[in-house]
Amino acid sequence: MDLINEIIARAKANKQRIVLPEGTEERTIKAADQLLADGVAEIILIGNPTEIKNLAVKFNLTHIDKAQIVDPKDNAKKQEYADLLFELRKAKGMTPEQAVTLAEDPLYLACLMIKNGDADGEIAGAQNTTGNVLRPALQIIKTAPGISVVSGAFMMFVKDNEYVPSGVLVFADCAVTPNPTAPQLAEIAIASAHTARALVGEEPRVAMLSFSTKGSAKDPMVDKVVEATALAKKIDPTVEIDGELQADAALVPSVGNSKAPGSLVAGKANVLVFPTLEVGNISYKLVQRLAGSEAVGPVLQGMAAPVNDLSRGCSVDDIYKMVAVTANQAIAAKKK
């Protein structure tokens, strides 16, 4: 878990403003207190200020006073945010009155703060569904230039495995898009490569996975991966990417050399891109449970600014780590 410590250290060295719209949720406020105590990020809590202060007393949290607390019902920029939302959504039929109402919704307010330059990233999902977290993000923050699809990556921390020298792999998409088209799969591959650069600190070697390696099988599903590989190479020629590859050809040097001789990725991949969400989700859970690996994520990819979705079963530690991850994404986005 040295990488997690590096991610936290990078966040501390370049503090980002991370907004937590579920500011009165127990695990969230406890994580916020620890993040503030450790100086990992500047924390913005959305919620009723009196309720947040009472919770801080109840849980004996001594650093919440360092957070910026934004009351969704009564804050100085409420009308400014409502006006911004109206401008963004009026073509879709939104009225000024609807914009005022939505600007009081913590999930919408968090995204409006990011869009307005008042925050750098967001974490939510401890008490909201993925759909509720993503909806305002897609409406307000939207996807990054050149990206049309949002995806979810996991950092898989693999212990003492000869095929994973760094101890970590990036898996995608494991969380969002059920059956991506070839162009969407290409975008997911490039977004995953950028995640590897931003979080893992390694040059990505992206394997586009299939049940076929270099034409060993014929099927429309294989054709999709082959097409996606070619498109991804055009999108970002700086990324080492190859496909289609079976999982063993991607990870095992001897198999990679045999099945895909001359490949710069086969046998040494550190980013695995799955052809469908079904495959990716099943795979990360199998590796997590059977190999005793830790899965950190999902890290949402493809947004114009970092927004990450938590599992509703998340722990305080999960939230702490994901705030640090989000901060690193914000740092990388600003550099880019």
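Another point: the side chain of Thr326. With respect to the helices and strands, Thr326 occurs in helix α13 (residues 316-335). A polar contact of 2.8 Å, which involves the side chain of Thr326, links it to the side chain of Asn308. Within the structure, the side chain of Thr326 is placed 2.7 Å from the backbone oxygen of Met322, a separation counted as a polar contact. For Thr326, the residues in contact, after removing those within four places along its chain, are Ile18, Gly121, Glu122, Ile123, Pro306 and Asn308.

Together, Ile282, Leu286 and Leu290 make up an exposed nonpolar region whose accessible area comes to about 330 Å². The topology assignment puts Ile282 in helix α12 (residues 277-290).

Both strand β1 (residues 17-20) and strand β2 (residues 42-46) contribute to a ladder of four bridges, which runs parallel. Bridge assignment links Arg17 to a residue of β2, and that residue is Glu42. With helix α2 (residues 26-38) bridging β1 and the parallel β2, this β-α-β connection has right-handed handedness. Pairing analysis gives two bridges linking β1 to strand β4 (residues 121-124), with the strands arranged parallel. If you follow Ile18 over to β4, its bridge partner there is Gly121.

With respect to the helices and strands, Ser216 occurs in the loop between β7 (205-209) and α9 (220-235). Apart from residues lying up to four places away in sequence, Ser216 is in contact with Glu244 and Gln246. Here Thr213 takes part through its backbone nitrogen, which lies 2.9 Å from a polar atom of the side chain of Ser216.

Attention now goes to the pattern of salt bridges. Here the structure, examined in full by the defined rule, presents 13 salt bridges. Its salt-bridge partner being Lys334, residue Asp120 comes within 3.1 Å of it at the nearest N-O pair. Here Lys334 lies in helix α13 and Asp120 lies in the loop between α6 (106-115) and β4, a separation of 214 residues in the sequence. For Lys321, the salt bridge goes to Asp317, with nearest N and O atoms at 3.1 Å. Taken as a pair, Lys321 and Asp317 lie in helix α13 at a separation of four residues, close to a single helical turn. Lys321 gets classed as buried once you look at its relative accessible area, which sits at 12%. Its relative accessible area of 40% is what places Asp317 among the partly exposed residues.

A separate point is the packing of aromatic side chains. Summed over all chains, the structure comprises two aromatic pairs. Seen in terms of ring centroids, Phe154 and Tyr284 are 3.9 Å apart; in terms of plane orientation they differ by 15°. Their pairing is stacked. With a gap of 130 residues between them, Phe154 in strand β5 (residues 151-157) and Tyr284 in helix α12 connect regions that are remote in the sequence. Note on Tyr284: relative accessible area 8%, which makes it buried. With a centroid separation of 5.2 Å and 70° between ring planes, the pair formed by Phe171 and Phe274 is classed as edge-to-face. Of the two residues, Phe171 sits in strand β6 (residues 168-172) while Phe274 sits in the loop between β9 (271-273) and α12, which places them 103 residues apart along the sequence. This pair shows no difference in class: Phe171 is buried, exactly as Phe274 is. The lysine or arginine in question, Lys30, covers the ring of Phe59, its NZ or CZ lying 4.7 Å from the ring centre.

This part is about unusual backbone geometry. Omega for the bond connecting Gly243 with Glu244 falls within 30 degrees of zero, at 0°, which places this linkage in the cis form. Relative to the helices and strands, Glu244 resides in strand β8 (residues 240-245). Going from Gly297 to Pro298, the amide bond is cis rather than trans, its omega being 5°. Structurally, Pro298 can be placed in strand β10 (residues 294-301). Its identity as a non-glycine residue notwithstanding, Asn60 has a phi of 55°, on the positive side. Structurally, Asn60 is set in the loop between α3 (49-58) and β3 (68-70). Owing to a relative accessible area of 62%, Asn60 belongs among the exposed residues under this scheme.

The rules behind these values
- Residues numbered from 1 in each chain as written.
- Predicted model: local features only at pLDDT ≥ 70, side-chain atom pairs only at ≥ 80, totals over all residues.
- Heavy atoms only, no water.
- Helix = DSSP H or I, 4+ residues; strand = E, 2+ residues; numbered from the N terminus.
- Polar contact = N/O pair within 3.5 Å; in protein donor to acceptor, adjacent residues only side chain to side chain.
- Contact = heavy atoms within 4.5 Å.
- Patch = residues over 30% accessible without salt bridge, like charges linked within 9 Å, V, L, I, M, F, W, Y side chains within 5 Å.
- Areas by Shrake-Rupley, 256 points an atom, 1.4 Å probe, with all protein chains shown as cover.
- Salt bridge = Lys/Arg side-chain N within 4 Å of Asp/Glu carboxyl O.
- Pairing = 2+ DSSP bridges.
- Right-handed = clockwise from strand over helix to strand, strands pointing away.
- Buried < 20%, exposed > 50% of the residue type's maximum accessible area, 1.4 Å probe, protein only.
- Phe/Tyr/Trp six-rings, centres within 6.5 Å; stacked < 30°, edge-to-face > 60°.
- Lys NZ or Arg CZ within 6 Å of the ring centre and 35° of its normal.

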